Amino acid sequence: MSKELIRLRNIRMAFDDEVVLNDLNLYINDKEFLTLLGPSGCGKTTTLRIIGGFTTPVSGDVLFNGVRINDVPPYRRQINTVFQKYALFPHMNVFENVAFGLRMPKVEEQLDENGKVVSRRKVKISEAEIRTRVMEMLETVSLKGFETRKPDALSGGQQQRVAIARALVNRPKVLLLDEPLGALDLKLRKDMQLELKKIQQQVGITFIYVTHDQEEALTMSDTIVVMDKGCIQQIGTPEDIYNEPKNAFVADFIGESNIIDGVMVRDKLVKMYGREFPCLDGGFAENEPVDVVIRPEDIDIVPVDQGQLVGTVTSVTFKGMQYDIIVDFRGFKWLIQTTDHSPVGARIGVKIDPDGFHIMKKSQYSGMFGDYSSYSDEYDELSDAEALDDGEDEGAEEERREEGYAE
Amino acid sequence: MKKNGILSRLFLALVFLFLYAPILVLIVFSFNDSKSNAVWGGFTLDWYVQLLNNRTVLEALQTTLLVSVLATAIATVAGTAAAIGFSSMKRRPRNACLTVNSIPMTNADIITGVSMMLLFVFAGQALADFSGWLNTTAWAESANLWFDFGFDMGFLTLLIAHVTFDIPYVIVAVLPKLRQLDPNLAEAALDLGATRWTAFRKVVLPELMPGIVNGLLIAFTMSIDDFVISYFTAGSQVSTLSMYVYAQVRRRVSPEINALSTLMFVAVLLLLVVINLRQARQEQRRKRQALRT
């Protein structure tokens, strides 16, 4: 679609023997909105810092327009960054913050026809031009009239805009954003997501965005790079990532997924729970064990006698747009999202269309995700270890309750 | 709990009496129109006038101010640099450095003073011996050179001593500011095209400034106030105000000394007030910011 701007080649990064990035390969196109998505500690921020020039990889190359820039300091890269906590200069007002980059002397290089540097000279931008560019930029981020405010007299959202303006006013080729919306409340975050996307299209440069919020990634990105444990798990458009996850980690991290052990009998026929289901996937060996992903919204509830599978409802949660129903199929719990209400304890049948199945090869993540035994309302909101522990406890409780039903 | 019991008030009064009565007597008698330190002979400013006409005093004042200003300037730069170095260390070596840093502050002045004196005497002698040996070499003779690296204690050794005991105070004043500093600030400046030096000057330094100024004021107060360490390291040629006072008192206590001491007391008091006011203001500003966020 467009030409390649940045390439990371065989990047390895370690802090004190702890491997953070393991042989990372990635290219980023000009003018694209690329998101590095993953849980904390997956190496996404480190990747961003390597592109920005704040960390040097242990080995591997960073190429910018085909030129190796490993040893180019941050102040000579055509890349600007919006930091997680904004890092606005507290002793300067909004205008001075935004003007900071413009006031720095730029070195202009004259090249001869072979691309060799003939001469360098320092260029200073005139005060009048600085004024126009800063005011223009403040207008872009709707902060006109705030020039003389100090950063600590601004709200979180306004500080955020100043940080974006301060970076963009330098007309970089690439803007790096390190979880820039993390500190904002939900409503503001949604607004800023749309606004960021708008700004990106308006200025027409590459945005590289780091986040652990899958919804944010799906909303804004042209390309999503899903990372875990220092490795890239999948690269693709939001649709690809959602519809065709490569392994159980991606399927679980992006949206909700039921992931079931299965066997690929032959092309377009998958077997699970001892039954064969028609599907659309192929390209596997005969009788190859696979992970089967079924999205909760692709499952239809039908009367028991018409169901491909029959299970028992163990919990129902009203979510506004739909009910989240947990159904027990022989000890494995599925999440079904439906607009029809089924009472707890009801026997229901389910039907899945062939295009509702997504088949994945087995991976190191197989068996780790996709079972909703531990499902609770808090589950997807709190992703720290404590919440997971709580969830497991609840799951155990649910199992006990369910044994009661069996009797 | 009852706040103002008679006993606790009495206790407080006694504490203040013991603390400040001597200074009060000193100040009162600096205006005494009599040579005696026991009999009040009426109000006068004569002792102050005499003081200002005393060349030795003025010289001592000059030495004191010069050594304090220079030592403070050097120590502020060195201490700030050291604090920045400390803060970028890993935790264990940093804690080791901080402990070493705090030893000179808790150490008795007399030990610092004597040990520095010994060091200076030793170094002066060693350098003198070295230049003596150089002068006997054929090379020096043929080149017609005469070396004399030896030195006696004097202004320079006094200055070195002051710089040495000032540095820890600057470090201790600057470190908290560094701890509050957002590590991304310097990176943001680099990101926007500033070189490391510009980033430090335009972004980091203004953030550290309150701490640096506090350190500077404390160092200056310590320097101007010091007697023991100066006494051991100044040699016989130069003397500071406090050394002059000591020398005079050994002969007999003249009211002139009262006047001089009063002036020194007031100067140091003013500095302390300034330091405390600054710290209180910064504390308040920090609290207000914390409230807002």
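Refer to the structure printed above.
Residues numbered from 1 in each chain as written. Chains lettered and ligands numbered in written order. Predicted model: local features only at pLDDT ≥ 70, side-chain atom pairs only at ≥ 80, totals over all residues. Heavy atoms only, no water.

Asks: Tell me about the overall build of chain A, residues and numbers included.
Replies: A tally of helices and strands in chain A yields nine helices and 22 strands. Per-residue burial for chain A yields a buried fraction of 50% across its 407 residues. Put simply, of all contacts in chain A between residues at least 6 apart along the chain, 66% involve residues at least 24 apart. Carbon together with sulfur atoms contributes 48% to the accessible area of chain A, which is approximately 19,700 Å² in total. (Helix = DSSP H or I, 4+ residues; strand = E, 2+ residues; numbered from the N terminus. Buried < 20%, exposed > 50% of the residue type's maximum accessible area, 1.4 Å probe, protein only. Contact = heavy atoms within 4.5 Å. Areas by Shrake-Rupley, 256 points an atom, 1.4 Å probe, with all protein chains shown as cover.)

Asks: Would you mind going over the overall build of chain B in detail, with residue names and values included?
Replies: A count of helical and extended segments in chain B gives twelve helices and zero strands. Principal-axis analysis of the C-alpha atoms places the extent of chain B at approximately 75 × 70 × 30 Å. Across the 293 residues in chain B, those meeting the buried criterion constitute 37%. Residue pairs at least 24 apart in sequence account for 68% of intrachain contacts in chain B once pairs closer than 6 positions are excluded. Of the roughly 17,700 Å² of accessible surface on chain B, 68% is carried by carbon and sulfur atoms. Here chain B carries 24 positive and 17 negative side-chain charges, and the mean point of each set is 16 Å from the other. (Lys, Arg positive; Asp, Glu negative; His and termini not counted. Charge placed at Lys NZ, Arg CZ, Asp CG, Glu CD.)

Asks: Quick rundown of the interface of chain A and chain B? Include the residues and the values.
Replies: Contacts between the two partners involve 23 residues from chain A and, on the opposite side, 21 residues from chain B. When the shortest N-O distance is used, the salt bridge between A:D16 and B:K90 registers 3.6 Å. Taken together, chain A and chain B are joined by six residue pairs in polar contact (both at pLDDT 80 or more). Considering each element in turn, the side of chain A that touches chain B owes the most residues, three residues, to strand β6 (residues 79–82) of chain A. Per-class residue counts for the side of chain A that touches chain B are 13 nonpolar, five polar and five charged. (Salt bridge = Lys/Arg side-chain N within 4 Å of Asp/Glu carboxyl O. Polar contact = N/O pair within 3.5 Å; in protein donor to acceptor, adjacent residues only side chain to side chain. Nonpolar A, V, L, I, M, F, W, Y, C, P; charged D, E, K, R; others polar.)

Asks: Tell me about the pairing of strand β3 (residues 33–37) of chain A, residues and numbers included.
Replies: All names here are of chain A. When you tally the buried positions in β3, you get five out of five residues, the bulk of the element. In β3, alternate side chains face the same way, and those of F33, T35 and L37 on one face and L34 and L36 on the other are all buried. In this sheet, strand β10 (residues 206–211) lies alongside β3 in parallel orientation, the contact comprising five bridges. From the neighbouring strand, T35 faces β10, where its bridge partner is Y209. (Pairing = 2+ DSSP bridges.)

Asks: Got a sec to walk through a nonpolar patch on the surface? Specific residues and values, please.
Replies: All names here are of chain B. Among the surface-exposed residues, F11, L12, V15, F16, L19 and Y20 lie close enough to one another that they form a single nonpolar patch of about 610 Å² accessible area. Within the secondary structure, F11 sits in helix α1 (residues 6–30). According to the relative accessible area criterion, F11 is exposed, its value standing at 57%. (Patch = residues over 30% accessible without salt bridge, like charges linked within 9 Å, V, L, I, M, F, W, Y side chains within 5 Å.)

Asks: So, the pattern of salt bridges: which residues are in play, and what are the values?
Replies: All names here are of chain A. Counted according to the given criterion, the structure contains 22 salt bridges over all chains. Its salt-bridge partner being D324, residue K319 comes within 3.2 Å of it at the nearest N-O pair. When salt bridges that share partners are traced, they join R9, D61, R68 and D71 into one network.

Asks: Before we move on, could you go through the packing of helix α4 (residues 91–106) of chain B against helix α7 (residues 155–180) of chain B and cite the residues and values that matter?
Replies: Residue and element names in this part refer to chain B. Put simply, α4 and α7 touch, their axes get as near as 9 Å, and they point 130° apart. It follows from the interaxial angle that α4 and α7 lie oblique. Crossing of α4 against α7: the hand is left-handed. Contacts between α4 and α7 involve L98, N101, P104 and M105 from the first element and P168, Y169, I171, V172 and L175 from the second. Of the residues that constitute the contact of α4 with α7, the class distribution is eight nonpolar, one polar and no charged. (Axes fitted to C-alpha atoms, helices over the stretch in contact; angles between N-to-C directions. Parallel < 35°, antiparallel > 145°, perpendicular 65-115°, else oblique. Left-handed = near helix turned anticlockwise from the far one by under 90°.)

Asks: Lay out a negative patch on the surface in plain terms, naming residues and giving numbers.
Replies: Taken together, the side chains of A:E297, A:D298, A:D300, A:D340 and A:D355 define an acidic patch exposed on the protein surface. Since its relative accessible area comes to 44%, A:D340 is described here as partly exposed.

Asks: Any details on the sheet that holds strand β1 (residues 4–15) of chain A? Residues and values, ideally.
Replies: Residues and elements named next belong to chain A. The sheet built from four strands is open, its strands ordered β2-β1-β4-β5 with antiparallel pairing. Across the chains shown, the open sheet's two edge strands, defined by having one partner strand only, are β2 (18–29) and β5 (67–68). With eight bridges joining them, β1 and β2 adopt antiparallel strand pairing. Within the sheet, the bridge partner assigned to I11 lies in β2 and is L24. Sheet contacts for helix α1 (residues 44–52): β1, β2 and β4 (59–64); angle to β1, the most-contacted strand, approximately 120°.

Asks: Lay out the sheet that holds strand β14 (residues 269–272) of chain A in plain terms, naming residues and giving numbers.
Replies: Residues and elements named next belong to chain A. One open sheet accounts for five strands, arranged β15-β14-β13-β16-β22; its pairing is antiparallel. The sheet is open, and its two borders are formed by β15 (275–278) and β22 (357–361), each paired with just one other strand. Strand-to-strand, the axes of this sheet are offset by a mean angle of 45°, without reference to chain direction. Two strands pair when backbone bridges link them, and strand β13 (residues 258–266) and strand β16 (residues 288–294) are joined in this way by seven bridges, in the antiparallel orientation. Bridge pairing in β16 places D261 opposite D291.

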